[in-house]
Amino acid sequence: MLKPGQLNHYVRVERRVSGIDSHGNTQQTWETLCHRWVKWWEDFAREKNSQGRLHSINRVVLKTWQDAEINAVTAEMRVIVVEGLHKGVTAPVAFVQIEDNHEIAITIEVGAQE
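Keep in mind the model is a prediction, meaning the values are calculated, not measured.

Cut-offs used in this document
Residues numbered from 1 in each chain as written. Predicted model: local features only at pLDDT ≥ 70, side-chain atom pairs only at ≥ 80, totals over all residues. Heavy atoms only, no water. Buried < 20%, exposed > 50% of the residue type's maximum accessible area, 1.4 Å probe, protein only. Helix = DSSP H or I, 4+ residues; strand = E, 2+ residues; numbered from the N terminus. Pairing = 2+ DSSP bridges. Contact = heavy atoms within 4.5 Å. Polar contact = N/O pair within 3.5 Å; in protein donor to acceptor, adjacent residues only side chain to side chain.

Here the focus is the pairing of strand β4 (residues 77-83). The buried fraction of β4 amounts to 5 of the 7 residues, a majority that puts the element mostly inside the structure. Strand direction decides the pairing type here: β4 and strand β5 (residues 90-98), joined by 3 bridges, are antiparallel. Each residue of the ladder has a partner; that of Arg78, found in β5, is Pro92.

Take a look at the structure:
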């Protein structure tokens, strides 16, 4: 059960959107879905093979309370830490788990390439 004092990072959740630039070309950009205070919990570290090279990945679980906006988070989105010890970290969402105690757990992969 989350307590308000445990929410130690303020994050922005963004989703990728397609648009047309001034030259008529399709471009991919990010738009903000929501901001939330979350509890940062490091799950474990592992290595991931990308283009024949090993990369160190830290799996982090972000927990907060459910609402309509945060429940819309999917694995195609990313999280940017705005305030907290890990300020400036940008990481893709690996998966989302909605828990039965009115909480949501968003797992991100810090160190993964988007």
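Let's shift gears to unusual backbone geometry. Even without a glycine there, the phi angle at His102 is positive, about 70°. For His102, the position within the fold is in the loop between β5 and β6 (103-110).

In this section: the environment of His9. Mapped onto the fold, His9 is located in strand β1 (residues 9-20). The exposure class assigned to His9 is buried, which follows from its relative accessible area of 3%. Considering only alpha carbons, one finds His9 and Trp37, 28 residues apart in sequence, at a separation of 5.6 Å. Excluding anything up to four places from it in sequence, His9 contacts Arg36, Trp37, Val38, Trp40, Val81, Glu83, Gly84, Leu85 and His86. Among the polar contacts made by the side chain of His9, one reaches the side chain of Asn8 at a distance of 2.9 Å. Polar side-chain contacts of His9 include one of 3.1 Å to the side chain of His86.

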